[in-house]
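Understanding the architecture of this molecule
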Amino acid sequence: MTYPETAPYEHGMLDTGDGDRIYWEVCGNPDGKPAVVVHGGPGSGAGPSWRRSFDPARYRVVLFDQRGCGRSKPSAGEVETGLAANTTHHLITDMEQLRKHLGIVNWLVFGGSWGATLGMAYAQAHPDRVTELVLFSVTTTSCAEVDWITEGVRVYFPEAWAAFREAARPRAGERLVDAYARLLADPDPAVREEAARTWCRWEDTHVRAPGTPLVEDFGDAECADPVFRMAFARIVTHYWRHAAWLKDGQLRDGVSKLAGIPGVLITGGQDLSSPPDPARALAAGWPGCELVVIEGAGHGLGHLGVGEAAQAALDRFARD
């Protein structure tokens, strides 16, 4: 069971000082426990469904759209929008600017999928500003994980992957993620549009797990919008091809910085998009972390058991 969707009581645009303006909103109880939502993708935006995981009487919930996506400006859906200043390190700085702008001393970090990577990176950079972490569909956006999600997972979806690869037209020795980033920067708008559409179709494929129903499929509504589709594809390929600008094993090796900070890592046992290994590796080095593996579940809050586990953790931290 989720909470009723609540409307924001405050919202605005945060000027980062380098040409980006980040959309943010706050909902729930102005005097409640502060929490920040770190959405996935990267590039999907913080839609209203995120608000429903929080008890609106207990939490002061901050949501924001990361650079280039959602209601933030300029949109990466516009090909002239550059991505050089759109990196993990920029997003961590944005989160700190937003925390200070709202006068919040510290907050709970809630995120999933790519949001788990960014949430973990933020917490390791600013552990004194984090009270708890609740992360689901856990990723660390390593080179190995990117290779799996674009290449290795083909063993489960051979026909869909063959179409995905064929549309990429990779050059000799070129990774698929690099091929798509190249196509998305092509001067021909038809080439860019087809690349964005095919990339989103592949995303819709690998976030599924055989036999596990979803509340709603990725892309059914969002990816019908060509602006969303282009922004999402450009941003996600940009981050993946650079392994999120994180050193290999950086988040796993840095997890000891979170000692004493309570955390819950939730992963689906049949999550083909983000298999459980990264969550297990993080939990092994994090004193005070609880690892929850939902057997039979796939990727995202829409899978049975994942959303319930996340809400249970948030409810418990609200009481504590």
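Residues numbered from 1 in each chain as written. Predicted model: local features only at pLDDT ≥ 70, side-chain atom pairs only at ≥ 80, totals over all residues. Heavy atoms only, no water.

The axes of two packed helices give the description: the angle between them and the distance between them. Where helix α4 (residues 158-168) contacts helix α5 (residues 176-183), the two axes come as close as 9 Å, and the packing angle between them is 50°. Relative to α5, the element α4 is oriented oblique. Crossing hand, α4 versus α5: left-handed. The residues of α5 that touch α4, namely those facing W161, F164, R165, A167 and A168, are L176, A179, Y180, R182 and L183. In the contact of α4 with α5, the residues fall into eight nonpolar, no polar and two charged. (Axes fitted to C-alpha atoms, helices over the stretch in contact; angles between N-to-C directions. Helix = DSSP H or I, 4+ residues; strand = E, 2+ residues; numbered from the N terminus. Parallel < 35°, antiparallel > 145°, perpendicular 65-115°, else oblique. Left-handed = near helix turned anticlockwise from the far one by under 90°. Contact = heavy atoms within 4.5 Å. Nonpolar A, V, L, I, M, F, W, Y, C, P; charged D, E, K, R; others polar.)

What follows covers the nonpolar core. Formed by 71 residues in total, the largest nonpolar core has its most connected members in L133 and W199. By residue number, the principal contributor to this core is helix α7 (residues 226-241), which donates nine residues. Discounting chain neighbours no more than four positions away, the residues touching L133 are V109, G119, M120, A123, L258, I261, P262, G263, V264, W286 and F317. Residues C27, F110, I266 and A310 belong to the second largest nonpolar core, which totals 25 residues. (Core = buried A, V, L, I, M, F, W, Y, C linked by side-chain atoms within 4.5 Å. Buried < 20%, exposed > 50% of the residue type's maximum accessible area, 1.4 Å probe, protein only.)

This paragraph deals with the pairing of strand β2 (residues 21-28). Summarising burial for β2: six of the eight residues are buried, a large majority. In this structure, strand β1 (residues 10-15) lies alongside β2, joined through six bridges in antiparallel fashion. Residue pairing in the sheet places L14 in a bridge with I22 of β2. The antiparallel pairing of β1 with β2 creates a hairpin that spans five residues between the two strands, and G17 there sits at a positive phi of about 90°. Here five bridges tie β2 to strand β4 (residues 59-64), and the two strands are oriented antiparallel to one another. Of the residues in β4, the one forming a bridge with E25 is L63. (Pairing = 2+ DSSP bridges.)

By the burial criterion, the buried members of helix α3 (residues 143-150) are E145, V146, I149 and T150. Projected down its long axis, α3 shows its buried positions confined to an angular sector of 120°, all on one face. (Arc of directions from axis to C-beta.)

Across the sheet, eight strands lie side by side as β1-β2-β4-β3-β5-β6-β7-β8; this open sheet has mixed pairing. If you trace the sheet from one side to the other, it starts and ends with β1 and β8 (289-294), each paired once. Direction aside, the axes of adjacent strands within the sheet are offset by 20° on average. Together, β3 (33-38), β5 (107-112) and β6 (130-136) form the strand contacts of helix α2 (residues 114-125), whose direction differs from that of β6 by roughly 160°.

Given a rise of 1.5 Å per residue, 14 residues ought to cover 20 Å, and the 20 Å separating the end C-alpha atoms of helix α1 (residues 88-101) matches this to within 8%. Inspection of α1 places T88, L91, I92, D94, M95, E96, L98 and R99 among the buried residues, and these make up the whole buried set. (Expected span 1.5 Å × (residues − 1).)

The final tally for this structure, using the stated rule, is 21 salt bridges. Across the salt bridge formed by D277 and R280, the nearest N and O atoms sit 3.6 Å from each other. Of the two residues, D277 and R280 are both situated in helix α9 (residues 277-284); the distance of three residues between them amounts to about one turn of the helix. A single network of salt bridges, built from pairs that share partners, joins E5, E25, R51, D65 and R71. (Salt bridge = Lys/Arg side-chain N within 4 Å of Asp/Glu carboxyl O.)

Enumeration according to the criterion identifies 16 aromatic pairs in this entry. With 6.4 Å between their ring centres and 90° between their planes, F157 and W202 make a pair best called edge-to-face. Of the two residues, F157 sits in the loop between α3 and α4 while W202 sits in helix α6 (residues 189-206), which places them 45 residues apart along the sequence. Grouping residues by exposure puts F157 and W202 together as buried. (Phe/Tyr/Trp six-rings, centres within 6.5 Å; stacked < 30°, edge-to-face > 60°.)

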